[in-house]
Amino acid sequence: MGVSSNDPLLLRAARGEQVDRPPVWMMRQAGRYMKAYRDLREKYPSFRERSEIPDVAIAVSLQPWRAFQPDGVILFSDIVTPLPGMGIDMDIAEGKGPIIFNPIRTQQQVDQLHLLEPDTALPFIKPILTSLREEVGNQSTVLGFVGAPWTLAAYAVEGKGSKTYSVIKNMAFSDPSILHQLLKKFAESIAVYVRYQIDCGAQVVQMFDSWAGQLSPQDYDTFAVPYQKMVFDLVKQTHPNTPLILLVTGSAGLLERMATSGADIITVDWTVDMADARTRLGENIKVQGNLDPGVLFGSQDFIRDRVIDTVRKAGNWGHILNLGHGVLPETPEDNVRFFFETAKQITYLP
Ligand code: CP3
């Protein structure tokens with residue numbers, strides 16, 4: 001496809017085109033391990049300011065781009081950012097994560113939620129994505145992201161992060177009808193939001209179903225997959241050419257099920273050997289991953305060995321090199337730099 005030859009590497013690999021090396025980015029690549037981010041956080045102590053004032057969010061998104069030139073530049077935001085636009089008020093607490101002020105527990109609360117209108121509810125998204133595209137041109141791919149219905153519902157129902165997910169599981173297993181309505185409402189709004197991010201410039205979009213790995217496989221099939229699929233199907237109806245990535249934390253037992261969601265690319269974490277993941281997912285599914293983020297605490301030789309091992313096991317097609325989850329806040333910046341440099345020196349053998 002000659003028309004796409006100017007497109008950036010990550011986008012081409014995500015579409016399944018033959019490329020010379022795997023593209024590389026890191027989940028959570030903007031954030032606390034970077035001194036530049038910690039410095040900016042002093043000036044803008046609230047996460048919502050950092051992610052909702054366009055100039056600040058643009059600056060944060062570009063910090064890793066300026067430092068390391070990753071093949072993907074991700075929108076600096078959070079999965080709960082669209083919730084106020086549906087009628088769910090929230091904040092993001094330092095060191096704790098999302099807080100939902102009035103957790104969703106009743107039919108009446110579900111009935112009151114409304115469909116997201118990104119243009120009015122999230123006016124900062126368009127300037128952020130537009131600027132990122134302008135800034136990186138064809139040198140990198142701009143990634144958008146959203147939370148998946150189950151994971152957003154986990155926050156909305158629990159009211160905050162949880163270790164046991166007792167409240168939402170209580171609802172799931174004793175009053176599933178309310179939960180299914182909530183999941184459907186999230187799916188509809190999230191699909192609108194993905195489409196909007198693409199219209200504003202996102203070239204690839206990743207959906208985080210971070211807490212779906214807390215479900216047993218049969219419950220994953222009931223409460224997670226159908227709504228992941230609803231989002232992906234709705235987006236594919238209008239934007240069939242934008243590659244869509246799915247991440248589930250702790251997904252080793254779920255890989256084959258993840259592939260039934262309609263995602264183009266499955267994120268693999270480090271509890272699965274990349275060669276096994278390829279065998280289990282088959283020839284049509286592309287993969288992302290899968291170094292243990294802790295590898296970046298090792299020596300440079302160790303990091304290089306692990307990068308090469310992962311790339312070899314993933315093969316020379318349809319692989320986006322990444323960690324298996326977000327970079328850890330204590331990671332030395334020099335090791336992040338070395339990770340990117342090493343990755344970019346790789347060339348696939350013909
Ligand atoms: O620039 C980027 O790389 C985007 C980074 C990003 C953030 N949130 C910024 C953030 C992404 C991809 C998210 C998505 C997100 N948010 C997820 C899915 C990813 C995953 O890890 O599975 C989840 C579960 C959330 C909810 C959330 N928000 C948590 C659990 C936390 C962390 C609490 C903590 O302090 O450890 C947040 C806050 C948050 N979102 C931070 C960042 C950089 C930390 C706050 C800070 O650094 O000031």
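For the structure itself, consult the block above.
Residues numbered from 1 in each chain as written. Predicted model: local features only at pLDDT ≥ 70, side-chain atom pairs only at ≥ 80, totals over all residues. Heavy atoms only, no water.

> I tried to follow the pairing of strand S7 (residues 265-268) on my own but got confused; where do I start?
Each regular strand carries side chains that alternate between the two faces of the sheet. Of the two faces of S7, the one carrying Ile265 and Thr267 and the one carrying Ile266 and Val268 are both buried. Pairing of strand S6 (residues 244-247) with S7, which is carried by two bridges, proceeds in the parallel orientation. When the bridges of S7 are listed, Leu246 appears paired with Ile266. The pairing of S7 with strand S8 (residues 286-291) spans four bridges and is parallel. Note on S8: the bridge partner recorded for Val268 is Gly289. On the question of chirality, the crossover connecting S7 to the parallel S8 by way of helix H13 (residues 274-281) is right-handed. (Buried < 20%, exposed > 50% of the residue type's maximum accessible area, 1.4 Å probe, protein only. Helix = DSSP H or I, 4+ residues; strand = E, 2+ residues; numbered from the N terminus. Pairing = 2+ DSSP bridges. Right-handed = clockwise from strand over helix to strand, strands pointing away.)

> What is the right way to read helix H4 (residues 54-68) from this model?
Because the α-helix completes a turn every 3.6 residues, residues three or four places apart line up on one side. Over its 15 residues, H4 extends 22 Å from the first C-alpha to the last, a length consistent with the 21 Å expected when each residue adds 1.5 Å. Considering bend angle alone, the principal kink of H4 is centred on Leu62 and spans about 35°; proline Pro64 follows within four residues of it. By the burial criterion, the buried members of H4 are Val56, Ala57, Ile58, Val60, Ser61, Leu62, Gln63, Pro64, Trp65 and Phe68. Against the buried residues of H4 lie helix H2 (35-43), helix H3 (47-52), strand S1 (72-74), helix H7 (125-136) and helix H15 (333-345). (Expected span 1.5 Å × (residues − 1). Bend = angle between axes of the 7 residues up to and from the residue. Contact = heavy atoms within 4.5 Å.)

> I keep staring at the nonpolar core and nothing clicks. Help me out?
Soluble, globular proteins show a tendency: their nonpolar side chains are buried together. Core analysis: the largest hydrophobic core is formed by 126 residues, its most contacted members being Leu179, Tyr220 and Phe339. In terms of residue count, the dominant contributor to this core is helix H10 (residues 176-200) (13 residues). When near neighbours in sequence (up to four residues on either side) are disregarded, Tyr220 contacts Ala212, Leu215, Val225, Pro226, Gln228, Leu246, Val248, Leu254, Arg257 and Met258. (Core = buried A, V, L, I, M, F, W, Y, C linked by side-chain atoms within 4.5 Å.)

> Help me understand the site of the ligand, please; the structure alone is not making it clear to me.
Neighbouring residues of the ligand: 26 residues in total, closest Tyr37, Arg50, Asp78, Ser210 and His325. Between the ligand and Arg32 there is a distance of 2.9 Å, counted from an oxygen atom to a side-chain nitrogen or oxygen. Contact distances for the ligand include 2.7 Å between a nitrogen atom and a side-chain N or O atom of Asp78. Bound to the protein, the ligand loses 91% of the 860 Å² it would expose on its own. Contributions of two or more residues to the shell around the ligand are made by H2, H3 and strand S3 (97-100). Its residues placed into classes, the shell around the ligand shows 13 nonpolar, seven polar and six charged. (Near = heavy atom within 4 Å. Polar contact = N/O pair within 3.5 Å; in protein donor to acceptor, adjacent residues only side chain to side chain. Areas by Shrake-Rupley, 256 points an atom, 1.4 Å probe, with all protein chains shown as cover. Nonpolar A, V, L, I, M, F, W, Y, C, P; charged D, E, K, R; others polar.)

> Quick question: what am I supposed to make of the pattern of salt bridges here?
Side chains bearing opposite charge may pair, as long as their charged atoms lie close to each other. Counted according to the given criterion, the structure contains 16 salt bridges. A salt bridge links Asp221 to Arg257; its shortest N-O distance comes to 2.9 Å. Here Asp221 is found in helix H11 (residues 217-238), whereas its partner Arg257 is found in helix H12 (residues 255-259), with 36 residues between them in sequence. Judged by relative accessible area, which is 33%, Asp221 ranks as partly exposed. Salt bridges sharing common partners tie together Asp7, Arg15 and Glu17. (Salt bridge = Lys/Arg side-chain N within 4 Å of Asp/Glu carboxyl O.)

> Can you walk me through the packing of aromatic side chains in this structure?
Given two aromatic rings, one states the distance between the centres and the angle between the planes to describe the pair. A full pass over the atoms with the stated rule returns nine aromatic pairs. Between Phe68 and Phe340 the ring centres are 5.6 Å apart and the planes differ by 20°, which places this aromatic pair in the stacked class. A residue pair is termed long-range when its members are at least 10 positions apart, and Phe68 in helix H4 and Phe340 in helix H15 qualify at 272 residues. You can call Phe68 buried: its relative accessible area is 4%. On the basis of an interplanar angle of 45° and a centroid distance of 6.1 Å, the ring pair of Trp150 and Phe223 is categorised as tilted. Pair noted here: Trp150 is in helix H8 (residues 149-158) and Phe223 is in helix H11, with a separation of 73 residues, a long-range link. One aromatic cluster is present, formed by Tyr37, Phe47 and Phe76 through successive ring pairs. (Phe/Tyr/Trp six-rings, centres within 6.5 Å; stacked < 30°, edge-to-face > 60°.)

Purely geometric numbers; function is a separate question.
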